[in-house]
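# Analysis of the macromolecular model
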Amino acid sequence: ASVRNQRANRRAVMCDVSETSATWANVLPLYKNTIAAIRARFDQEQGGHGYVGCHISHTYKTGACLYFTYAAKQILGNELDQYYGYKTAITDAIMASGGTLSHHHAVGYEHMPWMEQELSPRGVETLRALKESMDPKGILNPGKLIPPRPTAPEFAATTNGKDKAAVRKRDFGR
């Protein structure tokens, strides 16, 4: 964890960042929708209190990287659920607003519920086939990038945005 997060956690404050990229046409709507999603969480849990900021960290001819920082008082005894509630609200807003799942922080198990939305079902299967061909024993970062193969009809329903938190807890213990 970063020094900032360690200091905040000692003071019972949850803080983190989420970053994305978007085309110039989507930058302002994405910003507004993501800020609104974070503030809605503040209203729901914190009586409207919390901190959210955003800056553009990288610019390109076609768009930019938006870097959101947020903080709220931790709900003691419910820290992980609280964190994943913010993570889900923010990522849902980013994806619904035409942003990418990540810009430069990469993707991993926390982003897994959105991988199919980011890449498409065919894109996930292509990535899975590539990994299986290059890592047939599955020893390189198992479970960190590619969602597990669907094993039940309810899996498809939950990964299409209906209950990402339940998928995370069921498949990744978080």
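Coordinates for the structure precede this section.
In this report, we go over the structure that sits alongside the text. (Residues numbered from 1 in each chain as written. Predicted model: local features only at pLDDT ≥ 70, side-chain atom pairs only at ≥ 80, totals over all residues. Heavy atoms only, no water.)

## Comments concerning the pattern of salt bridges
The tally for this structure, following the rule as stated, stands at three salt bridges. In this structure, E45 engages R41 in a salt bridge whose closest nitrogen and oxygen atoms are separated by 2.7 Å. Highlighted residues: E45 and R41, both in helix α2 (residues 24–46), separated by four residues, approximately one helical turn. Of the residues examined, R41 reaches a relative accessible area of 15% and is grouped as buried. Salt-bridge contacts for R128 lead to E125; the nearest nitrogen and oxygen are separated by 2.4 Å. Remark: E125 and R128 occur in helix α5 (residues 121–134); sequence separation between them is three residues, near one turn of the helix. (Salt bridge = Lys/Arg side-chain N within 4 Å of Asp/Glu carboxyl O. Helix = DSSP H or I, 4+ residues; strand = E, 2+ residues; numbered from the N terminus. Buried < 20%, exposed > 50% of the residue type's maximum accessible area, 1.4 Å probe, protein only.)

## With respect to the nonpolar core
Grouped together as the largest cluster of nonpolar side chains are 18 residues, with contacts concentrated most on M14, L30, I38, F42, Y70, Y86 and I90. Elements that contribute at least two residues to this core include exactly β1 (13–23), α2, β3 (63–73) and α3 (79–96). Other than its neighbours up to four places away in sequence, Y70 contacts M14, C15, D16, V17, S18, I38, Y51, V52, Y83, Y86, K87 and I90. M95, M112, W114 and V124 belong to the second-largest nonpolar core, a separate cluster that totals seven residues. (Core = buried A, V, L, I, M, F, W, Y, C linked by side-chain atoms within 4.5 Å. Contact = heavy atoms within 4.5 Å.)

## Some words on the sheet that holds β3
Where strands meet in a sheet, backbone hydrogen bonds hold them as pairs that are either parallel or antiparallel. Taken in spatial order, the three strands make up an open sheet running β1-β3-β2, and their pairing is antiparallel. Where the open sheet ends on each side, the last strands, each with one partner, are β1 and β2 (51–59). Across this sheet, the average inter-strand angle for adjacent strands is 20°, counted without regard to direction. As defined by bridge partners, β1 adjoins β3 across 11 bridges and the pair is classed as antiparallel. Counterpart to D16 in the pairing with β3 is Y70. (Pairing = 2+ DSSP bridges. Axes fitted to C-alpha atoms, helices over the stretch in contact; angles between N-to-C directions.)

## Points about the packing of aromatic side chains
Aromatic rings considered in pairs are described by the distance between their centres and by the relative angle of their planes. All told, the structure shown has four aromatic pairs when counted by the stated rule. Ring centres of F42 and Y86 lie 5.9 Å apart, and the angle between their planes is 50°; on these two criteria the pair is classed as tilted. Taken together, the residues F42 in helix α2 and Y86 in helix α3 connect sequence positions 44 residues apart. Taken individually, F42 and Y86 each receive the classification buried, so the pair is uniform in this respect. Taking the centre distance of 5.0 Å and the plane angle of 70° together, the rings of Y83 and Y84 count as edge-to-face. With relative accessibility at 12%, the residue Y83 sits in the buried group. Overall, the relative accessible area of 5% leaves Y84 in the buried class. (Phe/Tyr/Trp six-rings, centres within 6.5 Å; stacked < 30°, edge-to-face > 60°.)

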